[in-house]
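Residue-level structural notes
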Amino acid sequence: MAHGGHCVARHEGRVVFVRHALPGERVVVEVTEDRQPGYCRADAVEVLTASVHRVERPCPYSGPGRCGGCDWQHVAPAEQHRLKAAVVREQLSRLAGLAGDPVVEGLVVEELPGGPLRWRSRARFAVDRSGTPGLRRHRSHDVVPLADCPITLEPAAAVVLGRRWPGAGAVDVAIDSAGAVTTTRLDRRGVPTTSRVLRPGGDLPEEPVARAARTAGGRDWEVEGTGFWQVHPAAADALVAAVTGLARVEPGDTVLDLYAGAGLFGGALAPAAGAEGRVVCVEADAGACAAAEANLAGLPQAEVWQGEVDAEGLEELLAELGEAPSVVVLDPPRAGAGPAVSRVLAGSGARAVVYVACDPAALARDVAAFGTAGWRLAELRGFDAFPMTAHVECVALLVPAAPSSIMEA
Ligand SMILES: C[S@@+](CC[C@H](N)C(=O)[O-])C[C@H]1O[C@@H](n2cnc3c(N)ncnc32)[C@H](O)[C@@H]1O
């Protein structure tokens, strides 16, 4: 199984990336894309020898040539966790040179509560030219019409898939902890146009919404209606616990929360930094910053800085901070922070960096950059925050490789 959820097969010297298969299976494939000399892509359309981990797909829309939303509906949930751990290990071994490293070898991907279905609290559905909602076929613009999406929380799926959306290009939907469902309509260029909220119990009125309610780490949070929040209802809690445990923030610490969204990690770490400490949350999106301001209002040690995290911006931020951060938490989008930002963080004087990553390839690339700068991967946790898909969330603790010599220097 390779990163991305497809199996690697070989045919007459060429690599074939096969979706809807499992390691060790013998399958008949149909080639779906053949544009590169070295490899082609294919779908397993018939299974000749099935893996013991193959199961009946619970979703009637998934499978070869159908909805491209899930990669692993055909895989038993426990095997999904093992495959995800193996993919993370492989990425860190190959891209960060950590083959055989005990931290990497010891990784297990932990299940979140709630089971493998009905976990998506946020989703983007595509809309075809006739206004029918659905999801795209894998690597295609075709929209597969859906009457339901069994991985999406039922009220959110029903609100979008239960009607037509004439003229829209896509619809974002999010359901909050109180059950309110927010939909945001996007035009054909992907620009958001109108937002509506439907509150539980009342079919009417639909009204514009600015905020959605979320709970995590034992407190309430506000988020923009369909703005970023961990998609799995149990993920924010699990990640807060993992980040808090690895960051080991002490009273008086200066903490940076980069790519802070609505301030989830900064807000969770602020009490440990205490009144003498300082927590700076950095986020590019204006709406998320406004939500973070509201969420952190009761924490005088916490500040929200709106800005882009890139190497140059980070250098400026560190200069403005006027002191070395004690601990940095970062939770970048899928592309990761990148080697340049990682190098700046490695030279920031922080005693620890906690890196939350939803793409193990991007994480491995950045762990390599930390490694070159004299840091090491000290701890690693994995969470199945995206059941039925090949996606996995990791939380990595990076520390200077030889803290004692740095302290002596
Ligand atoms: C994966 S989310 C994490 C949010 C938050 N940590 C949470 O768990 O709720 C990534 C966040 O980074 C922000 N972002 C993306 N690129 C950025 C950049 N270059 N600089 C600062 N923030 C950025 C996005 O707006 C988004 O809120």
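Calculation notes
Residues numbered from 1 in each chain as written. Predicted model: local features only at pLDDT ≥ 70, side-chain atom pairs only at ≥ 80, totals over all residues. Heavy atoms only, no water. pLDDT = per-residue confidence, 0-100. Contact = heavy atoms within 4.5 Å. Pairing = 2+ DSSP bridges. Helix = DSSP H or I, 4+ residues; strand = E, 2+ residues; numbered from the N terminus. Axes fitted to C-alpha atoms, helices over the stretch in contact; angles between N-to-C directions. Salt bridge = Lys/Arg side-chain N within 4 Å of Asp/Glu carboxyl O. Buried < 20%, exposed > 50% of the residue type's maximum accessible area, 1.4 Å probe, protein only. Parallel < 35°, antiparallel > 145°, perpendicular 65-115°, else oblique. Left-handed = near helix turned anticlockwise from the far one by under 90°. Nonpolar A, V, L, I, M, F, W, Y, C, P; charged D, E, K, R; others polar.

To continue, consider the confidence of the model for the protein chain. For the protein chain, the average pLDDT comes to 94, and 96% of its residues sit at 70 or higher. The low-confidence segment residues 404–409 (pLDDT under 50) makes one contact with residues lying over four places distant or belonging to another chain.

Moving on to the sheet that holds strand E10 (residues 181–186). Paired through backbone hydrogen bonds, the strands of a sheet run either parallel or antiparallel to each other. As summarised here, the arrangement of the six strands in space is E8-E7-E6-E9-E10-E11, forming an open sheet in which the pairing is antiparallel. At either end of the open sheet lies a strand with only one pairing partner, and these are strand E8 (143–145) and strand E11 (192–198). When the angles between neighbouring strand axes are averaged without regard to direction, this sheet yields 35°. Pairing analysis gives five bridges linking strand E6 (residues 122–127) to strand E9 (residues 170–175), with the strands arranged antiparallel. The residue bridging Phe-125 from the neighbouring strand is Val-171, located in E9.

Tallied over the entire structure, the rule returns 19 salt bridges. Ionic pairing is found between Asp-34 and Arg-14, a salt bridge with its closest N-O pair at 2.9 Å. Note that Asp-34 is positioned in the loop between strand E3 (26–33) and strand E4 (39–49) and Arg-14 in strand E2 (residues 14–19), a separation of 20 residues in sequence. By relative accessible area, Asp-34 is classed as partly exposed at 47%. Between Glu-33 and Arg-35 there is a salt bridge, with its nearest N and O atoms 3.8 Å apart. Accessibility expressed as a relative area gives 65% for Arg-35, which makes it exposed. Salt bridges sharing partners connect three or more residues here, namely Glu-33, Arg-35, Arg-41 and Arg-139.

Next up on the list: the packing of helix H7 (residues 311–321) against helix H8 (residues 339–346). Packed helix pairs are specified by the crossing angle of their axes together with the interaxial distance, meaning the distance between the axes. Interhelical geometry of H7 versus H8 gives an angle of 20° and a closest axis separation of 8 Å. When the axis of H7 is compared with that of H8, the two are roughly parallel. Both H7 and H8 take part in a crossing whose hand is right-handed. Residues Ala-311, Leu-314, Glu-315 and Leu-318 of H7 pack against Ala-340, Val-341, Val-344 and Leu-345 of H8. Taken together, the residues of the contact of H7 with H8 break down into seven nonpolar, no polar and one charged.

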